[in-house]
Amino acid sequence: CSSAAAAGASADASIVMVGMRGAGKTHLGESAARALGWECVDLDHLYVERHGAIMTAVEQHGWPVFREREAALLVDVLRSRPQRTVIATGGGIVETAAARAILAAHWPVVQAFKPIEDIEAYLSSDGSRPDLGTPPREVYARRAPWYDEVSDVDVLIAPRESDWGAPQAQLAALLGRVRGTAAAAAAARPYSFFLSLTLPELSADRPLPAAIFEGSDVVEMRVDLLADTSTDAIRRYLALLRKQSGGRPVLYTVRSVGEGGRFGGSTDEYLRLNEVGLRAGCEMLDLEAARDGPPMRDMI
C-alpha cells in the first residue's frame, strides 16, 4: 500500500487477505480473527449471499460483470467495516486494475503464499470448486506480480504443510509487529548464540535434524549463498526454515562480495532481496552500511 495509507491507519484497521485460490486465506483469516477477537468476512461467501452462485453469475453475465461486482463489494466491506475485521478475498480479486487500486490504497493487506504445486494438488482433490478453465500454474504466473503489488506483508506456508498451527502462529506474530502490538522483547542475557545456515537449499523431503538448532537463539539465513534467489524460492526456504528450526527468530542476510559473501548484483537487486525478508516478517535484517542511501531508507 502507499506509505500515506500505512501512516494514517490505526492498529485496529481491518486486515485484507489476498492470495491464490486454495492458499488458505479464509482458514488463516478466521484464525487471525479469533486470536484478535475480531470478525472474519469471506468476500466470496458475501458475494453469493447478495448475487447468487458465482459460476451461475459468470455464465449469465460474464467475468467482467462478476469482477465489477466483486470490486464494488470490496469497497462496501471496507467502508462498512473499516476496523476490527479480517477480510478474506477471492483469488482473482487482483485481476482488475480497479480492484488492485482499492487494495493498494488500504493497509494492511496480507498475502498468503503457498507453493503452487501444493495448490495444484489441493484443487485437483477438491471437487466443490468450479473449474476456471486455466491451469492454476498459469493463473498464478499472471497474478503473482499483482499479489506482491497490492500486499504489504506475506505469511508463508511451507511445502506440503499439514499442520496449520505453524502458519497461524507466524501470522499472529507478523500482525503483532506490523500493527505495533507485539509483546515486549525478552530481557537481555549476558550471551546469545546464533546458527548461520550456509546451505544452498532446504528440502521438505530431507529436513534438518532438530539437534542442530539446540542452544541457538537465532538462525541466520544466508540468502547470497542460495542456489535460487527468485522471490518464490526464498519464500519456500524461509517457510521451511521457520518450520524446521521450531520457529526461531531469523536473521536475514544478503552478503556482498566486497563484504565476504557471494552477492554481486546491483543495489536495486540487493534491496529487492532484502524486501522479501522484510515482507515475510524476519525479525532481523543484516543491512550493509556501504549501501546506505534514500532507496534503502525508503524500504525500511
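Scroll up for the structure.
Small disclaimer: the values here were computed from a predicted structure and weren't measured.

1. A short note on the pattern of salt bridges
In step 1: If you walk through the whole model with that rule in mind, you get 23 salt bridges.
In step 2: Glutamate 39 is the salt-bridge partner of arginine 81, the closest N and O atoms lying 2.7 Å from each other. In this pair, arginine 81 sits in the loop between helix H5 (63-80) and strand E3 (85-88) while glutamate 39 sits in strand E2 (residues 39-42), placing the two residues 42 residues apart along the sequence.
In step 3: Its relative accessible area of 29% is what places arginine 81 among the partly exposed residues.
In step 4: Where arginine 255 meets aspartate 286, a salt bridge forms, and the shortest distance between an N and an O atom there is 3.0 Å. On the criterion of sequence distance, the pair formed by arginine 255 in the loop between strand E8 (250-253) and helix H11 (267-279) and aspartate 286 in strand E9 (residues 284-286) is long-range, its members being 31 residues apart.
In step 5: For arginine 255, a relative accessible area of 17% translates into the label buried.
In step 6: For aspartate 286, a relative accessible area of 22% gives the class partly exposed.
In step 7: In this structure, a network of salt bridges that share partners links the residues Asp148, Asp154, Asp232, Arg235 and Arg279.

2. A closer look at the sheet that holds E8
In step 1: Overall, parallel pairing links the four strands, which are arranged E6-E7-E8-E9 in an open sheet. Whereas interior strands pair on both sides, the edge strands pair on one side only; in this sheet they are strand E6 (194-197) and E9. On average, each strand axis in the sheet is tilted by 25° relative to the strand beside it, whichever way the strands run.
In step 2: Both strand E7 (residues 218-222) and E8 contribute to a ladder of four bridges, which runs parallel. What sits directly across from methionine 221, in E8, is tyrosine 252.

Rules used throughout
Residues numbered from 1 in each chain as written. Predicted model: local features only at pLDDT ≥ 70, side-chain atom pairs only at ≥ 80, totals over all residues. Heavy atoms only, no water. Salt bridge = Lys/Arg side-chain N within 4 Å of Asp/Glu carboxyl O. Helix = DSSP H or I, 4+ residues; strand = E, 2+ residues; numbered from the N terminus. Buried < 20%, exposed > 50% of the residue type's maximum accessible area, 1.4 Å probe, protein only. Pairing = 2+ DSSP bridges. Axes fitted to C-alpha atoms, helices over the stretch in contact; angles between N-to-C directions.

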